[in-house]
Amino acid sequence: MNLDKRMSAILSEIPTGKNLADIGADHGYIGITYAQKKLNNIVVGSDISEKSIQKAKFTAEKLGLNNYFTAVGDGLEPIQNYDIDVILISGMGGEEIIKIINNKKIYPYYILSPQKNADKVRVYLSENNLKAIKDYKVKQGDKFYDIMVCTAGKYIPSQFELLYGSGEGADFAEFAKLTKDYLRKLLENVSKTEDRNLILHKIEVLESKNN
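Notes on the structure in this doc start here.

1. Quick word on the layout of surface pockets
Vacant regions in the atomic arrangement are exposed by a probe of water-molecule size rolled over the atoms. In this structure, the largest pocket spans a volume of roughly 670 Å³. K137, D146, L163, Y164 and F175 are the residues nearest the centre of the largest pocket, which is lined by 24 residues in total. Contributions of two or more residues to the lining of the largest pocket are made by α5 (118–127), β7 (143–152), α6 (159–164), α7 (172–188) and α8 (193–207). Sort the elements by how many residues they give to the lining of the largest pocket and α7 lands first, with 6 residues. For the lining of the largest pocket, the per-class residue count stands at 13 nonpolar, 3 polar and 8 charged.

2. A word on a nonpolar patch on the surface
Where nonpolar side chains cluster on the molecular surface, the patch consists of M1, Y29 and L63 and spans about 260 Å² of accessible area. In this structure, L63 sits in the loop between α3 (50–62) and β3 (68–72).

3. A closer look at the sheet that holds strand β1 (residues 20–23)
Ordered by their spatial adjacency, 7 strands build an open sheet running β3-β2-β1-β4-β5-β7-β6, and the pairing between neighbours is mixed. At either margin of the open sheet sits one strand with a lone partner, and together these are β3 and β6 (130–140). Averaged over all pairs of adjacent strands, the angle between their axes in this sheet comes to 15 degrees, without regard to strand direction. Examined bridge by bridge, strand β2 (residues 43–47) and β3 share 5 bridges and lie parallel to one another. Pairing of V43 across the sheet is with Y68, part of β3. With respect to the sheet, α3 is in contact with β2 and β3, its orientation differing from that of β3 by roughly 170 degrees. Across the sheet, α5 lies against β5 (109–113), β6 and β7, angled at about 5 degrees from β7, the strand it touches most.

4. As for the packing of helix α4 (residues 94–101) against α5
In contact at an axis separation of 8 Å, α4 and α5 are set at 25 degrees when each is read in the N-to-C sense. One element, α4, and the other, α5, form an angle in the roughly parallel class. Here α4 runs over α5; the crossing is right-handed. Here G94, E95, I98 and I101 of α4 lie close against α5, whose contacting residues are K120, V121, Y124 and L125. The class makeup of the residues in the contact of α4 with α5 is 5 nonpolar, 1 polar and 2 charged.

The rules behind the values
- Residues numbered from 1 in each chain as written.
- Predicted model: local features only at pLDDT ≥ 70, side-chain atom pairs only at ≥ 80, totals over all residues.
- Heavy atoms only, no water.
- 1 Å grid on protein atoms, 1.4 Å probe; cavity = no way out; pocket = protein on both sides within 12 Å on 5 of 7 lines; lining within 4 Å.
- Points joined across faces, edges and corners; volume = space filled by probe spheres on them.
- Helix = DSSP H or I, 4+ residues; strand = E, 2+ residues; numbered from the N terminus.
- Nonpolar A, V, L, I, M, F, W, Y, C, P; charged D, E, K, R; others polar.
- Patch = residues over 30% accessible without salt bridge, like charges linked within 9 Å, V, L, I, M, F, W, Y side chains within 5 Å.
- Areas by Shrake-Rupley, 256 points an atom, 1.4 Å probe, with all protein chains shown as cover.
- Salt bridge = Lys/Arg side-chain N within 4 Å of Asp/Glu carboxyl O.
- Pairing = 2+ DSSP bridges.
- Axes fitted to C-alpha atoms, helices over the stretch in contact; angles between N-to-C directions.
- Contact = heavy atoms within 4.5 Å.
- Parallel < 35°, antiparallel > 145°, perpendicular 65-115°, else oblique.
- Left-handed = near helix turned anticlockwise from the far one by under 90°.

The following block contains the structure:
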């Protein structure tokens, strides 16, 4: 199964020898690939849409996987009866991810890849005894995706980390340049003082990485 750069990066972050739940799995490529490599571990692909998760179920059955299971339901509810070590959520907005992980049970690992509002996810982590032990960007096509690996613990992100993650990784330098260019151009067309100050703050924080 061919995974793109983003999915390959996410797959590489799943700790070895762990049971995985792929929430909002859809086609389930990441979870199915992990299940193929880790036959002694279970993978549960869940989705709120039965039609969507049928794609993953069909692929797993075609491959003859006995350790890949599918479930239908909202958020973490469908995986409650499984012994899960790692929660994977990708392809959703940050606010939706927060709704899902806002759960009494804390899992050993979370791998989160929000499509937007990554800063809101970081705020949530810092307020709920979850810390990002890795937080970087991967470029896929013409888009940059955040990938966060989280576990239990105290997390106090700096302003830079809150907005942009760790600033590490091969793709961050390109992201930083493009973002600064975009923000500076945006500044030319913004007159409201409050909005200008917000844009200037983002530029200042981004440039602080090099200081």
